[in-house]
Structures are given as C-alpha cells and as structure tokens.
Amino acid sequence: MAKKKDVLLDHDYDGIRELDNELPPWWVYLFWITIIFSVVYMFHYHVFRTGDLQIAEYNKEIDPNWKPVEADGTGGFLGIYRSPYTSPKGDVTPFIEEQFASYVGPELTSDGLIMEAMRRADEPTLNKLKADFPDLFKQLSAGGAAIVPKKAAAKETVEPMEALTDVASINKGKDIFTKNCVSCHGAQGQGGIGPNLTDDYWIHGADMAHIAHTITVGVPAKGMITWRGVLSPEQIKQAASYILTLHGTNPPNPKAPQGEKHTYPLQ
Amino acid sequence: MGKLETFYYDNKIVRDFAIATAVWGVVAMLVGLIVAIEIYWPAMSMDISWLVFSRLRPLHTNAAIFAFVGNGIFMGVYYSLQRLLKTRMFSDLLSKIHFWGWQLIILLAAITLPLGITVGKEYAELEWPIDILITIIWVIFGINMIGTIIKRREKHMYVAIWFYIATFFTVAILHLGNSIEIPVSLLKSYPVYAGVQDALVQWWYGHNAVAFFLTTPYLGLMYYFLPKAADRPIYSYRLSIIHFWALIFLYIWAGPHHLLYTALPDWAQSLGTVFSVMLIAPSWGGMLNGLLTLRGAWDRVREDPILKFMVVAVTAYGMSTFEGPMLAIKNINALSHYTDWTVAHVHVGTLGWNGLLTFGILYWLIPKLYNTKLYSVKGANFHFWIATLGMIFYVIPMYWAGVTQGLMWKQFTAEGFLKYPIFLETVLQLIPMYWIRSLGGLMYLTGACYMVYILYKTAKSGSLTANEKAEAPALVSDAEEGLSAASGHWHRWLERRPTQFFILAVVVVLVGGLVEIIPMYLIKSNVPTISSVQPYTPLELEGRDIYVREGCYTCHSQMIRPFRNETERYGEYSKAGEFVYDHPFQWGSKRTGPDLHRVGGKYPDSWHYNHMLQPTSMSPGSIMPPFPWIIKDDLNDSHTAAKIRAMQALGVPYPDGYDEVALDDLKQQANKIAMALKTDGIEVESGKEIIALIAYLQRLGIDIKGANAPGTN
C-alpha cells in the first residue's frame with residue numbers, strides 16, 4: 001500500500017477539517033520504548049527484586065558493606081524498619097548506640113537499648129530478643145530499671161586541651177560564634193535563651209577542654225544541639241577559644257548567673 | 001440530510017467568561033507577584049496576618065488554576081461546544097447559574113484563604129461549604145454540557161469534545177474523592193484520610209488537577225481554536241484517537257511521582273514513575289497534532305500574534321510534558337524535589353501552555369464576538385514578546401535556584417560533614433534568583449494588563465452579537481443515513497454515541513486510581529504501625545490547626561527522605577506509621593525553610609517563641625515572615641471538644657468521653673509550657689495561640705524516639 005499523505009477525511013466540524021496522516025514512526029517507537037522501559041522497571045524492582053528500593057539504597061549509602069537480610073519477622077528492634085545500625089544478627093552496633101543515645105539520653109547503655117527494644121517489640125521480635133538476651137529479659141520483667149537514664153554527671157572528665165591564642169584562629173572563632181551561637185547566647189555572649197558566657201559561672205565547666213566538649217556534644221535536654229557534624233573539630237576549637245576571650249567583658253544586659261562559680265584565673 | 005434549522009449561539013455567556021478570565025488572570029498574577037517579592041522581602045507583609053506569604057500562596061495557586069484557567073476553560077468550551085455541535089447551549093439558565101456560581105466560589109476563596117480558613121491540602125485548600133458549592137456548580141456545568149451534546153445537530157463528536165467529556169467526569173471524581181471531610185464547625189473540617197493515605201489521595205488529586213484541569217480541557221481548546229486561527233486541517237485524526245485514550249488512561253496513575261522517596265510504599269512510587277514515563281508520547285501526540293497542523297501556515301506565524309501565542313503555548317506544553325516524566329525518575333527527583341525546580345516546571349506549564357494559549361484565544365475571540373478587528377495587532381505582538389520574555393526571566397532563575405539548592409543540601413565535606421549544615425545558607429544563596437524571578441513575573445503581569453486594555457478597546461470599537469444566528473440541518477438517525485457500526489473508522493461509531501463514549505471514558509479513567517488507592521487501604525503492610533506513635537494531645541491538636549491555618553506547609557516539609565544528607569541534617573528518616581493521626585497530612589512539597597518532621601525537642605520553647613515573633617532574632621538573615629498575631633491572639637478552644645470527637649469518629653484512639661476532659665488536659669499542658677517560658681524570662685499567658693503552636697512543634701517526630709515521648713510510660 002502506498003504511503004498515505006495528507007488525505008483529507010470527510011470530517012467537517014464548524015469548518016475544521018481533519019487529515020488522515022499516519023502516526024509519525026519516531027513517535028510510535030518512543031511510545032513503545034517507554035512501555036518497554038516501564039515493564040522492565042517494574043520487573044526489576046518488584047518481581048525479580050534485583051534493584052535496590054529506597055531503604056536498601058539508603059542503607060548502602062550509610063554503609064557500603066551493607067547486605068540485605070531476608071525478612072523473616074525476626075528483624076531488629078524496629079521490625080521492618082531495621083536500619084543499617086543493627087547487624088544482621090540483631091546486635092546493636094556502636095553507631096546505633098550513639099544515635100539512640102542522642103534520642104533517649106546520653107547515659108543509656110547498650111543493655112538499656114536492648115531492653116527498650118524488647119519493650120517496644122512485637123511478639124516474634126520479642127521472642128528472638130528474649131532468646132538472645134535472657135538476662136536482660138529477666139531484668140525487664142522485674143521492672144526494667146535499666147531503662148531509666150542515670151542522672152547526668154554535672155561535669156564529665158575530658159582530655160585537657162590548650163586554647164588557641166593566635167589572632168587568625170580567634171577571628172575565625174568569632175565568625176563561627178556570630179553565625180551559629182548568638183541567637184541563643186547573645187551577640188556579646190551576654191546570654192539569652194542560653195547562659196551568659198562572660199561571667200564566672202559555668203554549668204558544664206569553664207576551661208577550654210570542657211567548653212569544647214560542651215559544644216561538641218551539645219546539651220540536648222536544654223535545646224543546645226550537638227555541634228559535632230555541623231562544625232569540624234578545628235572549628236569547635238576556634239569557637240571555644242573565642243568564647244574564652246569573652247570572659248570578664250561585662251556586656252550590657254547580662255543574663256543572671258547559672259551554674260557553678262569558678263575562680264579566675266582557672267587552675 | 002435533515003431539514004435546515006435556524007438557531008442562535010449564546011455569545012453573551014462566552015463574553016462573560018472571557019471577562020472573568022482576563023480579570024481573574026490579572027488578579028492571580030498580581031498575587032503571584034506579591035508572594036514572589038515577599039519571599040525575599042518578608043517585611044512586605046507588614047505583620048498583617050492576611051498578607052503573609054503562607055496565606056497568600058494558596059490564594060495565588062487557586063486563583064491561577066481555578067479562577068484564571070477555570071474561566072478560560074468555560075469561555076472556550078461554551079464557544080466551541082455550541083459551534084461543534086451546531087446548537088445553542090442546553091439551558092441559558094444553567095449557563096448563568098454556572099457563571100455566577102463559579103465567580104462566587106472564587107470570591108469566597110479570595111476571602112477565606114487569606115483569613116487562614118483552609119483544609120491544608122494543596123490546591124484543595126477550600127473548606128467544606130465551598131467544596132459543596134464547587135460540586136453543585138460543576139454538576140450544573142456537566143448537565144449543561146451533556147444536555148448540549150444530546151440536543152446536537154452534528155452527528156459526530158469532534159476530538160475537542162472528547163477532552164471536555166473526560167475533563168468533566170474526572171474533575172468531579174477527583175474533587176469528591178479528595179474533599180471528603182468531617183466538619184467540626186462551619187469553617188473547619190478534617191479530611192477523613194490520614195498520613196500516607198491522605199498523601200496518596202491528595203496527589204492523585206493534585207497531579208490530576210494538572211492533568212484534567214490544566215491539560216485535557218486546554219487540549220480540547222487547542223483542537224478547536226488552533227485550526228480555526230490557522231485555517232488549516234488537523235494533522236492526524238488517528239493521532240487524536242490514540243493520544244486521547246492513552247492520555248486519559250495513563251495520567252491518572254502518575255500521582256505518586258509527587259511522593260518519591262517519601263514514606264509512600266515503594267510499589268506505589270514505582271507505578272508513579274513508570275506511568276509518568278509512558279506519558280511522554282501521548283502528551284507529545286497533542287503537541288504534534290498542534291504544531292503539525294500549522295504546516296503550510298508558518299509564514300503567517302511570523303506576522304500573526306495569535307498564532308505566535310499558540311505556537312509558543314504548544315511548545316511549552318511539549319517541554320513541560322517532557323520535563324514532567326524526567327522529574328518522575330527517582331534519581332532526578334532526589335535532586336529536584338522540594339526545590340524551586342518544581343516551581344520552574346509548573347510555571348512553564350501555567351505561564352507557557354495555559355497562559356499563552358488563553359491570551360491567543362482571547363485575541364482571536366473578542367474581535368469575533370464584537371464583530372470588529374483587534375484594536376492593536378502591534379500591541380498584541382508586544383504582549384507576546386513581554387509575556388515570553390517574562391516567562392524566560394521567571395523560569396531560568398528558578399531552574400538555577402533549584403539545582404543550586406538541591407546540590408548544596410547534598411554536599412558533604414571530605415571529613416564527612418554536611419558542607420552547608422545551616423539550612424539558611426542554602427536559602428540566602430538563592431535571593432538574587434528570587435529577585436530576577438519577580439522581575440519576570442512583573443513583565444508577564446504587565447503584558448496581561450496591557451492585553452486587558454487592548455481587549456477593552458477592541459470591544460469598545462464593536463458591538464456584541466449576544467445571539468449569533470446559525471443554520472444547520474437537523475440530526476437524522478444512523479439508519480436513515482445508512483450508517484452502521486461497520487461504516488468508516490471504528491472510532492466513528494463511538495463518536496456518534498455519547499453515552500457509550502462517556503461510559504468507556506469513565507472506565508478508562510477509573511482503573512488507575514482504583515488500582516492505587518484501594519490496596520493502600522486494604523493491605524495493612526502498606527502502613528506498618530509503630531506502637532509508640534500516639535495521638536496528639538488536645539493542645540498539640542490545636543497547635544497543629546494553627547500550623548495548618550498559617551500555611552506552614554507552603555515552605556516547610558514534614559518528610560525526611562532516606563538520604564544520608566537528610567538524616568544527618570534532620571534525623572531518622574520518616575516512617576509511614578508516624579503519620580497515622582495526621583488529618584490532614586502536612587508533608588509539604590517545597591522547602592523554602594527546613595524540614596520540620598523532627599523539630600520536636602530540637603530547640604527550647606523560648607527559641608520558638610522568639611522565632612515566631614521575629615525569625616531573624618533566632619536565625620539572622622532568615623526570610624521567614626514574623627507571625628506576631630500568634631503571640632498576641634488567644635487560643636480559641638471552643639471547638640476543642642468537637643475536634644476530639646471528630647478525631648474519634650475518624651478512628652483516632654482517644655479514650656471514650658475524652659472530649660469532656662480534653663480542655664483540662666489542654667490547660668494543664670499549656671501551663672507547663674508557659675512555666676518553661678517563664679524560666680527563660682518570657683512572660684506569656686498560657687491561653688495564647690503560641691503556646692499551642694509550641695506544643696505541636698515540640699511534639700513533631702519525637703514519638704519514635706521512645707521513652708521520653710508523651711503518651712508512653
């Protein structure tokens with residue numbers, strides 16, 4: 001059959017005529033390609049399951065060595081939400097310990113986490129955990145005291161650290177302070193939502209090492225975020241060094257003293 | 001051949017809709033310009049609640065879609081339907097009710113949205129009494145259209161009418177399906193769906209509002225007005241057939257592409273992706289039939305501004321229907337979603353396809369209605385250029401902004417830290433782009449205002465033929481004409497039978513929606529429950545309603561995607577089971593500000609207090625507007641009990657009789673927060689709205705964190 005071209009049909013709608021042209025071949029191919037793509041796509045991800053769906057993708061992004069585990073109803077302590085933080089055996093890795101410490105309080109031990117997991121688990125998970133950790137289960141059934149976070153120590157022991165004193169570092173520290181800290185501690189460190197940083201009173205320690213530590217881990221209970229991850233260790237050092245220079249500057253509108261009085265010069 | 005009959009086309013109703021189109025178009029664009037400026041100059045809202053960005057943005061989108069394009073659809077349908085079917089509209093009375101009813105809806109929207117009366121679902125913000133009014137008016141439109149088809153003098157329905165039929169039915173279903181709400185009071189309701197299900201239904205609706213409100217009716221208009229203006233035959237009848245049926249079948253499935261990488265189950269996301277990809281060819285079928293119809297008329301395109309408008313409109317349609325499927329591919333969506341890229345994409349569609357086609361039609365139509373010549377062809381040419389340039393000035397900076405911000409969010413340093421951990425940094429980077437965007441918007445608006453002037457002068461120079469005389473032979477039956485099912489192309493049979501056509505279209509449209517939505521309800525594993533997720537306290541519920549009222553979702557998402565950069569920035573990725581009490585869901589679609597799903601506990605109460613009063617005090621340089629009225633206004637707790645009862649009716653497990661004690665709980669929690677604020681030196685009465693909002697914000701996303709969550713022991 002000869003290729004039809006511009007054949008006018010007998011259609012006439014208010015003067016509009018219609019031609020009977022063939023579908024453009026490239027258009028037809030395009031349509032078929034997208035249909036084939038779609039079938040392959042669905043088979044790849046949902047029939048053969050050869051492709052990574054979003055959670056597998058995420059797990060690999062967090063841990064390149066992550067391997068999927070067949071779901072057998074005994075997954076980790078959040079069931080199907082098992083994150084890369086648990087090993088296939090269900091052990092709590094140091095990583096997840098750290099993560100959950102920031103959720104439930106820094107003092108929770110891994111035993112506490114496992115007990116928390118049991119408390120929340122569905123029946124099959126609970127049985128698995130019970131088999132793996134019989135002692136903890138006993139403790140849990142006896143009242144679960146371990147879940148309650150221990151009282152936070154007022155001051156943690158930290159490695160001593162020397163303050164930076166060169167002008168460049170102090171200036172960098174000032175920039176970091178202005179950008180990140182002033183919304184709570186005030187433009188001159190006089191305090192606001194957060195405590196005054198210019199007086200003799202400190203809640204979490206007054207020396208370089210403690211200030212750097214406080215910045216690093218934050219005070220989540222009172223709304224100060226953990227700056228590790230936002231600021232590099234070097235930047236934290238610079239910020240802490242700058243904060244030390246604020247002492248005794250007596251800015252206007254200071255916040256009332258909070259914490260323990262320290263005698264200066266510091267020991 | 002039947003005997004020749006004389007009848008009159010109703011031109012007055014077309015003229016009325018044309019005026020409404022032009023006027024509401026200018027209003028929609030003006031509100032758009034205001035919000036485009038407010039985004040980099042938040043002080044522009046002058047601390048007036050009804051001028052704040054987050055309340056005006058829904059007004060802009062609703063006005064552009066339902067007022068500007070909506071009236072444009074009716075203008076085009078009322079003009080073309082009568083002529084394609086050789087009859088007057090079925091009922092003048094219904095036409096009038098339709099017209100005034102629709103304008104009333106728009107007026108109510110323009111009043112209620114700035115007042116914060118909203119359901120909080122994008123493009124479906126209007127509250128339940130207006131939803132009912134929309135349903136009634138839309139059905140009146142449908143009756144009027146179907147009645148006209150029934151009393152037609154033209155045996156076959158032209159392709160434009162196929163699109164009108166699909167539009168009528170699908171929009172009705174979308175609107176009804178998405179707007180099922182439980183009223184709490186005259187101006188407040190809760191959607192019956194929650195969380196993941198609400199999200200799926202919402203984007204089934206939202207996506208198909210684009211498909212069946214901004215696309216299919218406008219394709220119908222293109223099929224009438226483009227060959228009319230160009231005086232050329234349609235390129236290919238068979239292309240019309242295949243692209244029409246493919247388009248309406250495939251479109252309805254694609255909604256989940258708005259929810260890629262969210263807590264929506266993977267299977268639904270994948271369906272969204274593949275059906276979007278398959279839409280390229282059917283969409284381009286429409287573009288091809290438009291552009292190839294102009295073969296042989298290209299010399300006229302150079303001179304005729306009407307054809308210019310139409311060519312660029314159809315080209316913009318082709319571009320955005322290619323881009324849409326690309327954005328539905330997960331790798332691209334991972335970068336584009338929540339950024340201005342999406343904003344650029346939709347504006348290629350609305351400014352380009354809907355806007356320019358509407359302008360072209362208006363320039364063609366008004367001189368015809370008024371028996372005169374266009375007042376200024378030069379002026380229309382000027383409008384064409386300023387509109388096209390305005391569009392370019394709009395979308396290019398927005399693409400730039402989208403890609404810039406998307407990349408900044410994902411950037412890690414060599415040490416493994418987020419390179420831009422402070423969200424605000426990624427926003428401030430975009431300010432110059434926002435500036436240029438508003439310039440583009442201003443140009444586009446200027447062009448539209450100029451068009452109103454030209455059309456006014458045109459109308460002035462002629463006189464309206466309110467009832468245009470026409471003649472056509474009466475319809476004779478198939479048998480008399482010797483037609484059988486086998487005569488001609490098989491599709492001709494369907495075109496002669498509106499009922500069968502309608503039923504087939506309904507079936508084709510319904511398949512996709514049903515396949516996606518029904519399993520979401522029936523299969524429990526789609527939303528795995530998390531036992532520590534508890535219902536909101538009464539105070540939190542009230543706070544959430546304030547969050548919805550202020551339109552926080554226009555700038556903040558509540559959906560942390562499973563990406564390392566997002567879990568680093570915001571915390572554990574969001575799970576489907578965390579949203580089971582969210583009526584409506586507030587996942588949002590754009591992050592001008594950071595995600596808020598796990599903002600609970602991140603800052604002290606006093607931070608939120610100061611931040612709502614003056615965002616820059618807590619976040620220097622922030623472009624979030626202040627919300628001082630939330631600090632000043634008393635919380636209206638007169639509906640709290642009714643809200644609890646409504647939630648119970650929706651299956652939220654409050655204990656029996658809790659509505660009676662809810663207020664006590666509310667006051668107790670409010671006092672606690674007021675006390676906490678006091679220790680930080682902020683004196684505020686516990687009965688203020690800010691207390692409720694803080695309660696809600698502090699609750700966000702903390703339930704899965706376990707022991708400290710309220711409601712767990």
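Residues numbered from 1 in each chain as written. Chains lettered and ligands numbered in written order. Predicted model: local features only at pLDDT ≥ 70, side-chain atom pairs only at ≥ 80, totals over all residues. Heavy atoms only, no water.

Things to note about the overall build of chain B
Here comes step 1: Along its length, chain B carries 27 helices and four strands.
Here comes step 2: Radius of gyration (C-alpha) of chain B: 27 Å, near the 27 Å computed for a compact globule of 713 residues.
Here comes step 3: The dimensions of chain B, computed from C-alpha atoms along their principal axes, are 90 × 50 × 50 Å.
Here comes step 4: Across the 713 residues of chain B, 68% fall into the buried class.
Here comes step 5: For chain B, the accessible area works out to roughly 24100 Å², and carbon and sulfur atoms hold 66% of it. (Helix = DSSP H or I, 4+ residues; strand = E, 2+ residues; numbered from the N terminus. Rg over C-alpha atoms; globule rule 2.2 N^0.38 Å. Buried < 20%, exposed > 50% of the residue type's maximum accessible area, 1.4 Å probe, protein only. Areas by Shrake-Rupley, 256 points an atom, 1.4 Å probe, with all protein chains shown as cover.)

A short note on the overall build of chain A
Here comes step 1: For chain A, the count of helices and strands is 10 helices and four strands.
Here comes step 2: Overall, chain A shows an N-to-C arrangement of helices and strands of β-β-α-α-α-α-α-α-α-α-β-α-α-β.
Here comes step 3: Here chain A holds 267 residues, and 40% of them are scored as buried.
Here comes step 4: In chain A, the share of contacts with a sequence separation of at least 24, taken over all contacts with a separation of at least 6, comes to 54%.
Here comes step 5: Only carbon and sulfur atoms are counted for the fraction: they give 59% of the accessible area of chain A, which is about 15300 Å². (Contact = heavy atoms within 4.5 Å.)

A closer look at the domain arrangement of chain B
Residue and element names in this part refer to chain B.
Here comes step 1: Looking at chain B, the domain boundaries give domain 1 (11-155), domain 2 (158-263 + 279-286 + 490-518), domain 3 (294-475) and domain 4 (538-699).
Here comes step 2: Look at where the C-alpha atoms of domain 1 and domain 3 centre, and you get two points 19 Å apart.
Here comes step 3: Taken together, both faces of the contact between domain 1 and domain 3 bury some 2600 Å²; the carbon and sulfur share is 75%.
Here comes step 4: Run the count over domain 1 and domain 3 and you get one salt bridge.
Here comes step 5: Of the charged contacts in the structure, one is a salt bridge between Glu-468 and Arg-83, with a shortest N-O distance of 2.7 Å. (Domains from an automatic or database assignment. Buried area = accessible area lost by both parts, 1.4 Å probe. Salt bridge = Lys/Arg side-chain N within 4 Å of Asp/Glu carboxyl O.)

Quick notes on a nonpolar patch on the surface
Residues and elements named next belong to chain B.
Here comes step 1: Judged by side-chain polarity, Leu-389, Ile-392, Phe-393, Ile-396, Trp-435, Ile-436, Leu-439 and Leu-442 come together as a nonpolar surface patch covering roughly 690 Å² of accessible area.
Here comes step 2: With respect to the helices and strands, the residue Ile-436 is situated in helix 16 (residues 431-461).
Here comes step 3: For Ile-436, a relative accessible area of 33% puts it in the partly exposed group. (Patch = residues over 30% accessible without salt bridge, like charges linked within 9 Å, V, L, I, M, F, W, Y side chains within 5 Å.)

A few points about empty space enclosed by the protein
Residue and element names in this part refer to chain B.
Here comes step 1: Following the criterion strictly, the structure yields nine cavities of 30 Å³ or more and no others.
Here comes step 2: For the second largest cavity, the calculated volume is near 150 Å³.
Here comes step 3: Along the walls of the second largest cavity sit 14 residues, with Tyr-536, Glu-578, Arg-699, Gly-701 and Asp-703 positioned nearest its centre.
Here comes step 4: For the lining of the second largest cavity, a count of residues per class yields six nonpolar, four polar and four charged. (1 Å grid on protein atoms, 1.4 Å probe; cavity = no way out; pocket = protein on both sides within 12 Å on 5 of 7 lines; lining within 4 Å. Points joined across faces, edges and corners; volume = space filled by probe spheres on them. Nonpolar A, V, L, I, M, F, W, Y, C, P; charged D, E, K, R; others polar.)

With respect to the interface of chain A and chain B
Here comes step 1: Between chain A and chain B, the residue contacts involve 62 residues of the former and 84 residues of the latter.
Here comes step 2: Carbon and sulfur atoms supply 62% of the area buried between chain A and chain B, which totals about 6100 Å² over both sides.
Here comes step 3: Counting across the interface, chain A meets chain B through five salt bridges.
Here comes step 4: B:Lys86 is the salt-bridge partner of A:Asp14, the closest N and O atoms lying 3.2 Å from each other.
Here comes step 5: For the pair chain A and chain B, the number of links is 22 residue pairs in polar contact (both at pLDDT 80 or more).
Here comes step 6: Every element with two or more residues in the side of chain A that touches chain B is listed here: strand 1 (8-13), strand 2 (16-19), helix 1 (25-47), helix 2 (54-62), helix 3 (94-104), helix 4 (110-120), helix 7 (167-180) and helix 8 (182-185) of chain A.
Here comes step 7: When its residues are assigned to classes, the side of chain A that touches chain B shows 32 nonpolar, 12 polar and 18 charged. (Polar contact = N/O pair within 3.5 Å; in protein donor to acceptor, adjacent residues only side chain to side chain.)

Overview of the nonpolar core
All names here are of chain B.
Here comes step 1: Counting 198 residues, the largest nonpolar core has Trp-102, Phe-359 and Tyr-363 as its most contacted members.
Here comes step 2: Take this core: its biggest share by element is 21 residues, from helix 6 (residues 195-230).
Here comes step 3: If sequence neighbours within four positions are ignored, Tyr-363 has contacts with Ile-306, Phe-309, Leu-374, Ala-380, His-383, Met-451, Ile-454 and Leu-455.
Here comes step 4: Core analysis: the second largest hydrophobic core is formed by 48 residues, Val-533, Ala-642, Tyr-658 and Ile-694 among them. (Core = buried A, V, L, I, M, F, W, Y, C linked by side-chain atoms within 4.5 Å.)

Topic: the packing of helix 13 (residues 340-369) of chain B against helix 16 of chain B
Residues and elements named next belong to chain B.
Here comes step 1: Interhelical geometry of helix 13 versus helix 16 gives an angle of 10° and a closest axis separation of 11 Å. As summarised for this structure, helix 13 and helix 16 are arranged roughly parallel, according to the angle between their axes. Classified by chirality, the crossing of helix 16 by helix 13 is left-handed. Note on element contacts: helix 16 touches helix 13 through Tyr-434, Arg-437, Tyr-444, Ala-448, Met-451, Ile-454, Leu-455, Thr-458 and Ala-459, opposite Asp-340, Val-343, Leu-351, Gly-355, Leu-356, Phe-359, Leu-362, Tyr-363, Ile-366 and Pro-367. (Axes fitted to C-alpha atoms, helices over the stretch in contact; angles between N-to-C directions. Parallel < 35°, antiparallel > 145°, perpendicular 65-115°, else oblique. Left-handed = near helix turned anticlockwise from the far one by under 90°.)

Let's talk about helix 5 (residues 159-178) of chain B
Here comes step 1: Spanning 20 residues, helix 5 of chain B covers 28 Å between terminal C-alpha atoms, matching the ideal 28 Å at 1.5 Å per step.
Here comes step 2: Counting buried positions along helix 5 of chain B yields 18 of 20 residues, so the element is predominantly enclosed. (Expected span 1.5 Å × (residues − 1).)

Concerning the pairing of strand 1 of chain A
All names here are of chain A.
Here comes step 1: Direction of pairing for strand 1 relative to strand 2: antiparallel, over a ladder of three bridges. Bridge pairing in strand 2 places Leu-8 opposite Leu-19.
Here comes step 2: A loop of two residues connects strand 1 with strand 2, the two strands running antiparallel in sequence, and Asp-14 in this loop sits at a positive phi of about 50°. (Pairing = 2+ DSSP bridges.)

Quick notes on the pattern of salt bridges
Here comes step 1: Under the definition given, this model contains 33 salt bridges over all chains.
Here comes step 2: The closest approach of N and O atoms between B:Arg238 and A:Asp20, which form a salt bridge, is 3.0 Å. Residue B:Arg238 is located in helix 7 (residues 237-251), and its partner A:Asp20 is located in the loop between strand 2 and helix 1; the two belong to separate chains.
Here comes step 3: Judged by relative accessible area, which is 23%, B:Arg238 ranks as partly exposed.

A short note on the packing of helix 6 of chain B against helix 7 of chain B
Residue and element names in this part refer to chain B.
Here comes step 1: Following both chains from N to C, one finds helix 6 and helix 7 inclined at 165°, their axes separated by 11 Å at the closest point. Between helix 6 and helix 7, the crossing angle belongs to the class labelled roughly antiparallel. Our pair here, helix 6 against helix 7, has a crossing hand that is left-handed. In this structure, helix 6 contributes His-207, Asn-208, Ala-211, Phe-212, Thr-215, Thr-216, Leu-219 and Tyr-223 to the contact, and helix 7 contributes Ser-240, His-243, Leu-247, Ile-248 and Tyr-251.
Here comes step 2: Partitioning the contact of helix 6 with helix 7 into residue classes produces seven nonpolar, six polar and no charged.

Brief notes about the confidence of the model for chain B
Here comes step 1: Chain-level statistics for chain B give a pLDDT mean of 94 and a share of 99% at 70 or above.
Here comes step 2: For this predicted complex, the interface score ipTM comes out at 0.92, while the overall pTM is 0.85. (pLDDT = per-residue confidence, 0-100.)

Quick word on the side chain of A:Ser38
Here comes step 1: Structurally, A:Ser38 is set in helix 1.
Here comes step 2: Looking at A:Ser38, the relative accessible area reads 4%, which means it is buried.
Here comes step 3: In contact with A:Ser38, not counting residues within four places along its chain, are B:Val274 and B:Met278.

Re the packing of aromatic side chains
Residue and element names in this part refer to chain B.
Here comes step 1: All told, the structure shown has 62 aromatic pairs over all chains when counted by the stated rule.
Here comes step 2: Here the aromatic rings of Phe-225 and Trp-364 are separated by 5.5 Å at their centres, their planes lie at 80°, and the arrangement is edge-to-face. Highlighted residues: Phe-225 in helix 6 and Trp-364 in helix 13, separated in sequence by 139 residues. Summarising the burial analysis for this pair, Phe-225 and Trp-364 share the class buried.
Here comes step 3: Taken together, the aromatic side chains of Phe-17, Phe-66, Phe-74, Tyr-78, Phe-99, Trp-100, Trp-102, Trp-138, Phe-141, Phe-168 and Phe-213 make up a single cluster linked through ring pairs.
Here comes step 4: Arg-591 extends its terminal NZ or CZ atom over the ring of Tyr-338, reaching a point 3.9 Å from the ring centre. (Phe/Tyr/Trp six-rings, centres within 6.5 Å; stacked < 30°, edge-to-face > 60°. Lys NZ or Arg CZ within 6 Å of the ring centre and 35° of its normal.)

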